[in-house]
Amino acid sequence: MTSTDAPVAAGAAGPTGPGGAAVGPAGSRTDRSRRRPGRVPLRARLRRDWPLLVMAAPAALLLLVFHYLPTLGNVIAFQDYNPWVGDNAFEAFVYSEWIGFGNFETLFGDPAFWDAVVNTLTITAFQLVFFFPLPILLAILLHSIMSTRVRGFIQSIVYLPHFFSWVLVVTFFMQMLGGAGLLAQRMRDAGLEPFNVMGNPDTFIVLVTAESVWKDVGWGAIIFLAALSAIDQNLYEAAAADGAGRWRRLWHITLPGLRPVIILLLILRLGDALTVGFEQFILQREAVGRQAAEVLDTYVYYQAIIPQQWGMGAAAGLFKGVIGLVLIIAANKFAHRLGEQGVYSR
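Computed from a predicted model, the values in this text were never measured in an experiment.

Procedures and definitions
For every chain, the first residue of the written sequence is number 1, and numbering continues from 1 along that sequence. The model is predicted, so local features are restricted to residues of pLDDT at least 70 and side-chain atom pairs to those at 80 or more, both for listing and for counting; the totals for chains, interfaces and linings are taken over all residues. Note: side-chain values were computed over all heavy atoms of the structure, leaving out hydrogens and water. Stacked, edge-to-face and tilted labels apply to pairs of Phe, Tyr and Trp rings (six-membered ring for Trp) whose centres lie within 6.5 Å, assigned for plane angles under 30 degrees, over 60, and everything in between, in that order. Numbering goes from the N terminus for both helices and strands, where a helix is a DSSP run of H or I of at least four residues and a strand is a run of E of at least two. Note on exposure labels: buried denotes an accessible area under 20% of the residue type's maximum, exposed denotes more than 50%, and partly exposed covers the range between, all computed with a 1.4 Å probe on protein chains only. For a ring to carry a charge above it, either NZ of a lysine or CZ of an arginine must fall within 6 Å of the ring centroid while also lying within 35 degrees of the normal to the ring plane. Two residues qualify as a contact provided that any one of their heavy atoms is within 4.5 Å of a heavy atom in the partner residue. Residues with no salt bridge and a relative accessible area higher than 30% make up the patches, which join like charges within 9 Å and nonpolar side chains (Val, Leu, Ile, Met, Phe, Trp, Tyr) within 5 Å. Surface accessibility follows the Shrake-Rupley procedure with a 1.4 Å probe radius. Residue values consider only the protein chains on display as shielding. The working definition used for a salt bridge is a side-chain nitrogen of Lys or Arg within 4 Å of a carboxyl oxygen of Asp or Glu. Put simply, buried Ala, Val, Leu, Ile, Met, Phe, Trp, Tyr and Cys residues joined by side-chain atoms within 4.5 Å make one nonpolar core.

Student: Which residues make up the packing of aromatic side chains, and what values go with them?
Tutor: Each aromatic ring pair is summarised here by two numbers: the centre-to-centre distance and the angle between the ring planes. Counted by the stated rule, this structure contains 21 aromatic pairs. Geometrically, the ring pair formed by Phe104 and Phe108 is tilted, given 6.1 Å between the ring centres and 50° between the ring planes. Highlighted residues: Phe104 and Phe108, both in helix H5 (residues 102-108), separated by four residues, approximately one helical turn. Take Phe104: its relative accessible area is 11%, and that puts it in the buried class. Residue Phe108 is classed as partly exposed on the basis of its relative accessible area, which comes to 34%. Seen in terms of ring centroids, Tyr301 and Tyr302 are 5.1 Å apart; in terms of plane orientation they differ by 80°. Their pairing is edge-to-face. Judged by relative accessible area, which is 24%, Tyr302 ranks as partly exposed. Note that Lys215 overlies the ring of Trp166, its terminal NZ or CZ placed 5.2 Å from the centroid. Here the guanidinium or amino end of Arg285 rests over the ring plane of Tyr302, the centre of that ring lying 3.9 Å away.

See below:
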């Protein structure tokens, strides 16, 4: 090294700050802090983003009025609530007697409540195994159809039952599988003894799952079709060029592309583990009996709403919400361990 090169090398190293941190001219800490943008004032952000805020205001207002404000009504779970105390709803909250955890003690001491919880969890687990994968399979099958006309026609058919009411769905199954339905009549014509499908408590869980599949499998496939359309088609072409068959492409490209959406929907479904529906079960409760068809929502209707035990009904709803929250948090943590984002990122 010559004498003229020494100052250049020394200048390249630059001076050091406290703790030995470099504060030289190029790429230094001082230069980076000078380039860091300052925080935009609130007034400037409001002036910049006011169209977005105006667009979001109706949705935020709906959430506030119909979700967050009614959530405050959970206070009656700790009261012997009487809506006729006082001159208005606020005074009914204020003047109703506080009983602490009395409603929860009554609720947890009722064997019918635990029967409803067990039925609800059993139906949820059964549908997770036999219903949850079907929209994924349907979406993959529809996505593999090359003709857009045929695909659109099939999609229209499988989406349509989602817009039918549960009254219509149960009536349809009754006409097909009931004691006087089409299947029973054909079996009698063939000299066979028809079996009772709609009134058999042993097969009720299969019946309600079949009704849910017929009604909602097409609608549930929409989000998976959207996820499939976001997968880069070049991956399929490259895999096919490398000799990968249809099943290899499905296993190594399609399913990994769907995995974030599958995990997200699975977590949300676990959060609704104690919610399997109301109309579907109350319409068929009398046909199969309480032991088979009583779920948590119908229990609240018959044991709290009809006898006007408002506090106990609120306690059951709060219990359902707490269990759902715990399941979502636990499932989301498990998703983080698998490397997925889940419902919210860490």
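Student: Please set out the environment of Leu274 residue by residue, giving values where relevant.
Tutor: Counting through the fold element by element, Leu274 comes out in the loop between helix H13 (246-271) and helix H14 (279-288). Note on Leu274: relative accessible area 5%, which makes it buried. Here the alpha-carbon distance between Leu274 and Leu121, two residues 153 residues apart in the chain, equals 6.4 Å. Here Leu274 is in contact with Val117, Thr120, Leu121, Leu296, Phe319, Lys320 and Ile323, once residues within four sequence places are set aside.

Student: Before we move on, can you summarise a nonpolar patch on the surface with the specific residues and values?
Tutor: Together, Leu61, Leu62, Leu63, Leu64, Val65, Phe66, Tyr68, Leu69 and Leu72 make up an exposed nonpolar region whose accessible area comes to about 950 Å². Summarising the element assignment, Leu64 is placed in helix H3 (residues 42-71). Judged by relative accessible area, Leu64 falls into the partly exposed class, the value being 41%.

Student: Report on the nonpolar core, specifying residues and quantitative values.
Tutor: Counting 23 residues, the largest nonpolar core has Ile136, Ala139, Ile140, Phe224, Leu228, Leu258 and Ile262 as its most contacted members. Where this core is concerned, the elements lending two or more residues are helix H7 (133-143), helix H11 (204-229), helix H12 (233-241) and H13. Per element, the largest residue contribution to this core is seven residues, and it comes from H11. Ignoring anything within four residues of it in the chain, the contact list for Ala139 reads Ala221, Phe224, Leu225 and Leu228.

Student: Would you mind going over the environment of Val40 in detail, with residue names and values included?
Tutor: On the secondary structure map, Val40 appears in the loop between helix H2 (29-35) and H3. Those residues in contact with Val40 that sit more than four places away from it in its chain are Arg45 and Arg48.

Student: Can you break down the side chain of Gln280 residue by residue, with the values?
Tutor: Counting through the fold element by element, Gln280 comes out in helix H14. Each residue touching Gln280, except ones within four places of it in the same chain, is listed here: Trp166, Val208, Glu211 and Ser212.

Student: Lay out the environment of Gln308 in plain terms, naming residues and giving numbers.
Tutor: Checked against the element boundaries, Gln308 lands in the loop between helix H16 (296-305) and helix H17 (310-337). Residue Gln308 is classed as partly exposed on the basis of its relative accessible area, which comes to 46%. A C-alpha to C-alpha distance of 9.4 Å links Gln308 and Tyr81, two positions 227 residues apart in sequence.

Note that all results are geometric; they support no functional claim without further evidence.
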